[in-house]
Amino acid sequence: MNLLQKICLFWLTLFVSAGALAAAPAVAFYYGAQPPWSELQAFDLVVVDPDHVPQPTDLALPHTRPAAYVAVGEVQPTRAYAAAIPAAWLVGDNSDWGSRLVDQSQAQWPQFFTSQVIAPLWARGFRTFFLDTLDSYQRFAKTPAQRAAQEAGMVAVIRALKQRYPDIGLIFNRGFEILPQVHQDVEMVVAESLFRGYNAGKRIYTEVAEADRQWLLGKLQGVRDNYHLPVVAIDYVAAAERTLARQTAQQIMDLGLIPWVATPELASLGVGAIEVMPRKVLVVHSALPDEYALRYNDALRLGSMPLNYLGYVPEFVDVNHLPDLTLAGRYAGAVLWLTAALPYDQKNRLNRWLEAQTQDKLPLALINPPEELLTGAMAKLWGITPAATPTPAAPVQINQQSGMMGFEIAPRPERRDIVPMTIAQGQALLTLRQGPAQQVAAAITPWGGYVMENFSVIALPGNAGDRWVIDPFAFFQSALRLPALPVPDVTTESGRRMLMVHMDGDGFISTSELPGKPLAGAVVLQQVAKKYPLPMTLSVIEAELSPQGRYPELSAQAEAIARELFRLPNVAPASHSYSHPFVWRKAVGANADGGYTLPIAGYQFDLQREIDGSVRYLQDRLMPPGKRVDMFFWTGDCVPGDDALALSRKLGLLNLNGGDTVATRSNPSLTQVEGMGIPRAGGFQVFAPNQNENVYTNNWLGPFYGYQRVIETFELTEKPRRLKPIDIYFHTYLTTKVTGLESLDKVFTYALAQQTTPVFVADYARKVNNFQTLAVAKTSTGWRIRGATALRTLRLPAGALRPNVAASQGVAGYNDAAATYVHLSADAAELTLGAQTGERARLVSANARIERFEARPGVSRWHLAGNVPLAFTLANVQGCQVRVDGRDLKPVRRHGHFSEFQIKDHVARALEAVCQP
């Protein structure tokens, strides 16, 4: 295999898996601990410190190749092999980095390096290695003969590596002197400091002198032109200088080189040939009494949903555990949302942390900040100045108000609200005046933005709920400087709002009021599961059904009903626990009669029994062959601990329930719409998209027809923004009441009248989990998406250009009826926006998942998998043949350039439009 073939094979392996993506490689370097793989997966090659990536084979990132950093000419004392290097081989120090210099001319050095340095990393799964410090010998080898000996030693190292590992990938940091002898064994060359560098001794950033730049550029262009090797230039810019980093990366790309611009320790998320859009927002909240309290904290309860809708993943941390790593580039910004006063030491610590973030130019959004925060030590840094003292008797008036205020209710200032202060720069959102005193109560500032208490969210009198005073979407977007990026969307599949059904198993053995007094489980079987052949996930409580449970006399009948239910192809199983804990944090250690679980004689709460045991019961006694239990529905207060979440994750179970999305016409506030769930140490708890009949029937006190009001929730979470999918979520006992069953029928009738894509709730849970990790990166031609394993829909921001499907890869179509929803057809995609030449056949929407998309001149082919008879809409197929598995189809309706089709099959794996090229 010649050199060119080897290079082509390397890049083919690197970039062509599950379909070709961008032609230009994107390379990143990240040496810090706990690399942010959710973001780094957007790159094709990532160089890491192997001490921080124990098992690269566990990463499961099909489009990202990890490479191990290895120093050749130096050794850090902390490396595992350092102590084994003979003292005679160490010939000096690099005081700037605290390392020892290695004599490359030692005869045993190639064997040592191969067996002691590379072999352990190879055994762990690394196959590509970044060889650093190839020019360190120049610090001590001063004569031509000395340098020739060192260079010969390095050549021997390279040849020893290739002899032992013929398929090894080697990347050089410089090494210009030995490239003429070994270039055929090298896949890429890297050099530091082309435009901007870092002086480690003085700890200052520097601009590279023109003469030095021209010398290095000549070397790099020689490598590229003479050896046809890809070349990477690493430059160093402070974390706060993100704009400069972008400009420097562009300068490097303009020279035909691959850029990486980051901080000198290479432990920050820099800018390369692509720029990853950080999707995490750090949310700092007050210290909490225990792990369960976050569920009820306003930062999560009110802040999650707007951030989720904008495409961001809130990561919660209390004020006592502020991270000390560089956040700029890794986080989109930080939200400070305190609900309790701070002790003195916490105030000082918080001030220092905020000062560091401000200096790093991490955008900050302050919700209800304490008065002393804006008038104390941080005021000068933030450009906030005190104003005249207010006149106590004077009324407080609104002097100025932007359109961002008065979102759900108008601001209502009171005398106690005014804190005299103004801003030096920025946009005032709300200005109050009391006599001569003035206060900017909300503002967008150069460092972020803030909104004072009583002007973010207010509680209505009489326990009538909360209302947003400020527009949370606009405020977070502006304060955090959030770019208009394609948003991963968990509400929509293939251009249609998702529809799902799930049931908590409470009351499965309850007697119904229907004629014959059947068990509620039997009513669900006949009047729900068989009547509505939609995908639905139904759960049972083991203690209600099993012979050893609370109702042994009903067990045989109840289990027979459950077995018939689970045999239905449209029904998926879930466990609703063994004893139905009512309050998870109190159930631990309580006796069976403690009131925190169903009373079961002799039972002591056991987490393993609740989760693993109940799942095994379903699997062993109730499941037909081939059907697997993969979901657990939280019970009672739906606030499990980290241990419960960790156990469910260890068992490979998806989880669902919790959240309080109950917006209705009588309480039509977005404060009643929660986010996707709670990130916890034990795993992510996925909230139900909306609540069940219990909250619509006054905790099952009546009216029992109240569940039909969930339709109001469906409508309020569809317009003006689609915030949630439709989830028909109920308890088994709803069917014990005639009016309850009638309300359920009304809900199904409404849902079936909508244009939806029916899915199982497991599909939704996978999408929510995928939302937390999916990567979005800006490229020179548009957007790169990586890690879209379950979530295959992007929502474009208002005003964005439409997708150019022909120029994109991994994009199967889009629907721009309400918002623009883009359909991905693979876990990795390159999205290009803008006009395309000529209209081609396009999938507008379908009620099925797009598994794959293929296109060639005149033919577009979509592979779909659905749960109901297939319905889909195509655009631009007038005069085309539309076929499914070779059968010609006629549209059931045409309007404009849209054609609608329907077939009886649930799965169509070869839907194609054949048009004249």
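Residues numbered from 1 in each chain as written. Predicted model: local features only at pLDDT ≥ 70, side-chain atom pairs only at ≥ 80, totals over all residues. Heavy atoms only, no water.

Chemist: Talk me through the packing of helix 14 (residues 520-529) against helix 16 (residues 552-567); I want residue IDs and the actual numbers.
Modeler: In the contact formed by helix 14 and helix 16, the axes pass within 9 Å of each other and the chain directions differ by 25°. Considered as vectors, helix 14 and helix 16 are oriented roughly parallel to each other. As helix 14 runs across helix 16, the sense of the crossing is left-handed. Contact residues: helix 14 offers Gly-521, Ala-522, Val-524, Leu-525, Gln-526 and Ala-529, while helix 16 offers Ile-561, Glu-564 and Leu-565. Considering only residue class, the contact of helix 14 with helix 16 consists of six nonpolar, two polar and one charged. (Axes fitted to C-alpha atoms, helices over the stretch in contact; angles between N-to-C directions. Helix = DSSP H or I, 4+ residues; strand = E, 2+ residues; numbered from the N terminus. Parallel < 35°, antiparallel > 145°, perpendicular 65-115°, else oblique. Left-handed = near helix turned anticlockwise from the far one by under 90°. Contact = heavy atoms within 4.5 Å. Nonpolar A, V, L, I, M, F, W, Y, C, P; charged D, E, K, R; others polar.)

Chemist: Break down the packing of helix 16 against helix 18 (residues 607-622) for me, citing the residues and quoting the values.
Modeler: The geometry of helix 16 relative to helix 18 is characterised by a closest axis approach of 10 Å and an angle of 85° between their N-to-C directions. In terms of their interaxial angle, helix 16 and helix 18 are classed as roughly perpendicular. Contact with helix 16, carried on its side by Glu-559, Ala-562, Arg-563 and Phe-566, involves Tyr-617, Arg-621 and Leu-622 of helix 18 and no other residues of that element. Its residues assigned to classes, the contact of helix 16 with helix 18 comprises four nonpolar, no polar and three charged.

Chemist: Hey, could you go over unusual backbone geometry for me, with residue numbers and the actual values?
Modeler: Note the cis peptide between Gly-702 and Pro-703, where omega equals 5°. Along the chain, Pro-703 turns up in the loop between helix 20 (693-696) and helix 21 (710-716). Cis geometry is adopted by the peptide bond preceding Pro-720, which originates at Lys-719 and carries an omega value of 5°. With respect to the helices and strands, the residue Pro-720 is situated in the loop between helix 21 and strand 37 (726-731). One non-glycine residue, Arg-481, adopts positive backbone phi at about 55°. Structurally, Arg-481 is set in the loop between helix 13 (472-479) and strand 28 (487-488).

Chemist: I'd like a description of the sheet that holds strand 44 (residues 828-832), backed by residues and values.
Modeler: Whether parallel or antiparallel, the strands of a sheet pair through hydrogen bonds between backbone atoms. The strand order across the open sheet formed by four strands is 15-39-40-44, and the pairing between neighbours is antiparallel. Edge strands, defined here as strands with exactly one partner in the open sheet, are strand 15 (275-276) and strand 44. Sheet topology note: the strand 39 (residues 775-778)/strand 40 (residues 782-786) ladder contains four bridges and is antiparallel. Bridging from a neighbouring strand, Val-776 pairs with Ile-785 of strand 40. (Pairing = 2+ DSSP bridges.)

Chemist: Which residues make up the packing of aromatic side chains, and what are the values?
Modeler: To describe a pair of aromatic rings, you give the distance between the ring centres and the angle between the ring planes. Throughout the structure, instances matching the rule amount to 30 aromatic pairs. For the ring pair Trp-584 and Phe-632, a centre distance of 6.5 Å and an interplane angle of 75° mean the geometry is edge-to-face. Here the residue Trp-584 occupies a position in helix 17 (residues 584-587), and Phe-632 occupies one in strand 33 (residues 631-633), the gap between them amounting to 48 residues. Taking the relative accessible area as the measure of exposure, Trp-584 reaches 2% and is therefore buried. Members of the aromatic cluster, each reached through a chain of ring pairs, are Phe-29, Tyr-31, Tyr-69 and Phe-130. Directly above the aromatic system of Phe-771 lies the positively charged group of Arg-279, at a separation of 4.6 Å from the ring centroid. The ring of Tyr-814 carries the charged tip of Arg-842 above its face, separated from the ring centre by 3.9 Å. (Phe/Tyr/Trp six-rings, centres within 6.5 Å; stacked < 30°, edge-to-face > 60°. Buried < 20%, exposed > 50% of the residue type's maximum accessible area, 1.4 Å probe, protein only. Lys NZ or Arg CZ within 6 Å of the ring centre and 35° of its normal.)

Chemist: Can you tell me about the environment of Ala-28, naming the residues and giving the values?
Modeler: Position of Ala-28 among the secondary structure elements: in strand 1 (residues 27-30). Its relative accessible area of 0% is what places Ala-28 among the buried residues. For the pair formed by Ala-28 and Phe-126, sequence separation is 98 residues and the distance between their alpha carbons is 16 Å. If sequence neighbours within four positions are ignored, Ala-28 has contacts with Leu-40, Phe-43, Leu-45, Val-46, Val-47 and Trp-260.

Chemist: An account of helix 16 is requested, with residue identities and associated values reported.
Modeler: Taking 1.5 Å per residue as the helical rise, helix 16 with its 16 residues ought to reach 22 Å, and the 23 Å between its terminal C-alpha atoms agrees with that figure. A bend of about 25° at Ala-558 is the largest found in helix 16. Those residues of helix 16 not exposed but buried are Ser-555, Ala-558, Glu-559, Ile-561, Ala-562, Leu-565 and Phe-566. Where the residues of helix 16 are buried, they touch helix 14, strand 31 (536-540), helix 15 (542-545), strand 32 (571-575) and helix 18. (Expected span 1.5 Å × (residues − 1). Bend = angle between axes of the 7 residues up to and from the residue.)

Chemist: An account of the pairing of strand 31 is requested, with residue identities and associated values reported.
Modeler: Looking along a regular strand, one sees the side chains alternate between the two faces of the sheet. Most of strand 31 sits out of view: five of its five residues are buried. Taking every second residue as pointing to the same face, both faces of strand 31 are buried, with Met-536, Leu-538 and Val-540 on one and Thr-537 and Ser-539 on the other. Where strand 30 (residues 496-504) meets strand 31, three bridges bridge the pair, whose relative direction is parallel. Note on strand 31: the bridge partner recorded for Val-501 is Met-536. Bridging between strand 31 and strand 32 involves five bridges; their strand directions are parallel. Bridge assignment links Val-540 to a residue of strand 32, and that residue is Ser-575.

Chemist: Before we move on, could you go through the nonpolar core and cite the residues and values that matter?
Modeler: Considering soluble globular proteins, one finds that nonpolar side chains tend to be buried as a cluster. Counting 139 residues, the largest nonpolar core has Trp-382, Tyr-450, Phe-475, Phe-476, Trp-862 and Phe-872 as its most contacted members. With sequence-adjacent residues up to four places away left out, Trp-382 is seen in contact with Leu-354, Thr-358, Leu-364, Leu-366, Leu-373, Leu-374 and Trp-447. By size, the runner-up hydrophobic cluster in this structure holds 92 residues, among which are Tyr-81, Val-157, Leu-194 and Ala-233. (Core = buried A, V, L, I, M, F, W, Y, C linked by side-chain atoms within 4.5 Å.)

Chemist: Could you give me a rundown of the sheet that holds strand 14 (residues 271-272), with the residues and numbers involved?
Modeler: Spatially, nine strands are ordered 1-2-3-7-8-9-12-13-14 in an open sheet, and the strand pairing comes out mixed. Pairing within the sheet leaves two strands with one partner each, and these edge strands are strand 1 and strand 14. Here strand 8 (residues 169-173) pairs with strand 9 (residues 188-192) via three bridges, running parallel. By the bridge assignment, Asn-173 is partnered in strand 9 with Val-190. Lying over the sheet, helix 3 (residues 109-124) contacts strand 3 (65-71) and strand 7 (128-132), oriented at roughly 155° with respect to strand 3.

Chemist: If you had to explain the pattern of salt bridges to someone new, which residues and values would you point to?
Modeler: Any two side chains of opposite charge can pair if their charged atoms end up close together. For the coordinates displayed, the defined rule picks out 41 salt bridges. Residue Arg-79 pairs with Asp-51 through a salt bridge whose shortest N-O separation is 2.9 Å. With Arg-79 in the loop between strand 4 (74-75) and strand 5 (90-94) and Asp-51 in the loop between strand 2 (45-48) and strand 3, this residue pair connects regions lying 28 residues apart in the sequence. Classification of Arg-79 as buried rests on a relative accessible area of 14%. The partner of Glu-712 in a salt bridge is Arg-709, and the shortest N-O contact between them spans 3.1 Å. Each of Arg-852, Glu-854, Arg-861, Arg-883 and Glu-912 takes part in a single network of salt bridges with overlapping partners. (Salt bridge = Lys/Arg side-chain N within 4 Å of Asp/Glu carboxyl O.)

Chemist: Mind laying out the pairing of strand 5, listing which residues take part and the relevant values?
Modeler: Two elements, strand 5 and strand 6 (residues 99-102), share four bridges in a ladder whose sense is antiparallel. When the sheet's bridge partners are listed, Asp-93 is paired in strand 6 with Arg-100. Between strand 5 and strand 6, which pair antiparallel and follow one another directly, the connecting turn spans four residues, one of which, Gly-98, has a positive phi of 70°.

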